Amino acid sequence: MAILTDTADSRKQCRKSTFVRVQQDGKREAQTRKEAQAVADGYEAVYRGRILYTKQAEIFRAAAGETAEEQKALGKRLDVLRELGTAGGTARRMPTVREYLEGFKPRGGEQNTSNVRRALTLFVSYLGKAADIRLDRLTTEQCQAFIDAQVARVRSGTVGQYRLAVSSTLNAAVNAELLTRNPMNGTKVQQENAGEKISRDALSPAEIALFMQRAPQHWRDMVCICLATGGQRISDCACLKWSSVDLEAGTISVITQKTGAEVKNPLLEPLRSRLDELWAKREPGEEYVLPLMAHRYMHARGVLSTEFVALLDACGISTVKTGSTRGDRRQVHNKSFHSLRRGLVSLLRDGGASADMSRAIVGHASEEVERAYYRATMEGKATHLSRAIESILGPQGGAPIVKPSAAGDEYRRQA
């Protein structure tokens, strides 16, 4: 029997066995008592709230043997833990799914925080009354059902972002020892068919040059800032502050709103000269490099993106909408302000920049992400393909001659 000390420091007998055999082969009575006491101590720790019952369950599982009798005893011990966890201190410490997710504070930049909060809100809304169960009662089946419901509503890429946000939040619960495993593990996002996919293209050097010739000055400034900062997003370019520009040192840095990471690059011409002009014209105390764009973005975040696409069309740069409109899906343009980022990555790589250098300039967290942005340009293809053809056919286009030798096999090998 186990003797427990409750939260009022009163000793009481727990009418639950420790499920340790009194007689065990090769063990003395003292060893058996020590083993039984360890189980009883685990019960008490759970009852008093010193350890979560899910964590103690992992300890019991690790110590259990593989025989049928030992596994049966383990099952009984886990039943005791659940009962004690509900009645004791850990029951008060274990939040509901709703409490934990609504109280969770995501890390990272403003955009990442907003995206995570949106995913968690959708998850809680989907669960409904089930969100009021204890966090450790959340199942993989419930998580998968949420994912399946979202796939019917929005694109699989968006659902993948929802899954990642919820999974990261539940991983934090695992690290805090509220959960022994992440119930989102093992879930899958059903991939959409080819007709659902969205085509996102890069802006070519010729298209960027055409835009710079025909677009208004404030949009030309936006493009210059975007390229100088490594192709940063429209929010980071519009809200760039003078504190991020060091004209004396010749550097420009951005703390990205999406990830909170810092990207720092050298300040090159012609942007440097243009920033000198803007600095000379700025109003006293103005903190934004492009105050008009910053204020417009903060007033209505989507207006700049919409205007940029309209300007592309007005400049003669064709854009088309792609993707299905099934469910809550919406079609998106194949070219947008973000296409500048894709175009810059493509130019860097085609120009011979290594993957590491490209990531350092653009600010991608991994080579895998950077690779997804690469779009081979026709100029880059022509350069590298011409080199390959020249190495095979020679500079004049004539195939190198391999003279037959006396040995036919040697001739075939050379050919």
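Structure first, text after, so check above.
A short tour of the structure in this document, coming up.

What counts and what doesn't
- Residues numbered from 1 in each chain as written.
- Predicted model: local features only at pLDDT ≥ 70, side-chain atom pairs only at ≥ 80, totals over all residues.
- Heavy atoms only, no water.
- Helix = DSSP H or I, 4+ residues; strand = E, 2+ residues; numbered from the N terminus.
- Expected span 1.5 Å × (residues − 1).
- Buried < 20%, exposed > 50% of the residue type's maximum accessible area, 1.4 Å probe, protein only.
- Arc of directions from axis to C-beta.
- Contact = heavy atoms within 4.5 Å.
- Salt bridge = Lys/Arg side-chain N within 4 Å of Asp/Glu carboxyl O.

**A word on unusual backbone geometry**
Consideration 1: In this chain, Glu 269 is followed by Pro 270 through a cis amide linkage whose omega measures 5 degrees.
Consideration 2: Topologically, Pro 270 is positioned in the loop between strand 5 (262–266) and helix 12 (271–281).
Consideration 3: Located in the positive-phi region is Phe 19, a residue other than glycine, with phi close to 60 degrees.
Consideration 4: You can see Phe 19 is positioned in the loop between strand 2 (11–14) and helix 1 (29–47).

**Considerations on helix 6 (residues 110–127)**
Consideration 1: With 18 residues, helix 6 should cover 26 Å at 1.5 Å per step; its first-to-last C-alpha distance of 26 Å lies within 8% of that length.
Consideration 2: Regarding helix 6, the residues found buried are Val 116, Ala 119, Leu 120, Phe 123, Val 124 and Leu 127. Angularly, the buried residues of helix 6 cover 135 degrees about the axis, an arc narrow enough to put them on a single face.
Consideration 3: Buried residues in helix 6 make contact with helix 5 (97–103), helix 7 (140–151) and helix 8 (156–175).
Consideration 4: The first or second residue beyond helix 6 is Gly 128, which carries a positive phi of 65 degrees.

**Brief notes about the side chain of Thr 229**
Consideration 1: With respect to the secondary-structure elements, Thr 229 resides in the loop between helix 10 (217–228) and helix 11 (234–238).
Consideration 2: With relative accessibility at 2%, the residue Thr 229 sits in the buried group.
Consideration 3: With residues up to four places along the chain from it excluded, the contact list for Thr 229 reads Cys 237, Ile 252, Val 254, Val 263, Asn 265 and Ile 361.

**A short note on the environment of Ala 145**
Consideration 1: Positionally, Ala 145 belongs in helix 7.
Consideration 2: Residue Ala 145 is classed as partly exposed on the basis of its relative accessible area, which comes to 28%.
Consideration 3: The sequence separation of Ala 145 and Thr 187 amounts to 42 residues, and the corresponding C-alpha distance is 9.2 Å.

**Quick look at helix 13 (residues 291–299)**
Owing to its 3.6 residues per turn, the α-helix brings residues three or four apart onto one side.
Consideration 1: By the burial criterion, the buried members of helix 13 are Met 293, Ala 294 and Tyr 297. Down the axis of helix 13, the buried set is contained in an arc of 100 degrees. They therefore lie on one face.
Consideration 2: Looking at the buried residues of helix 13, the elements they touch are helix 10, helix 11 and helix 14 (302–314).

**Some words on the pattern of salt bridges**
Consideration 1: Inspection of the entire model under this criterion finds 9 salt bridges.
Consideration 2: Arg 274 is paired through a salt bridge with Asp 221; the nearest N and O atoms lie 2.9 Å apart. Pair noted here: Arg 274 is in helix 12 and Asp 221 is in helix 10, with a separation of 53 residues, a long-range link. Grouping residues by exposure puts Arg 274 and Asp 221 together as buried.
Consideration 3: The residue Glu 287 makes a salt bridge to Lys 241 at a minimum N-O spacing of 3.4 Å. Of this pair, Glu 287 sits in the loop between helix 12 and helix 13 while Lys 241 sits in the loop between helix 11 and strand 3 (245–246), placing them 46 residues apart in sequence.
Consideration 4: For Glu 287, a relative accessible area of 39% corresponds to the partly exposed category.

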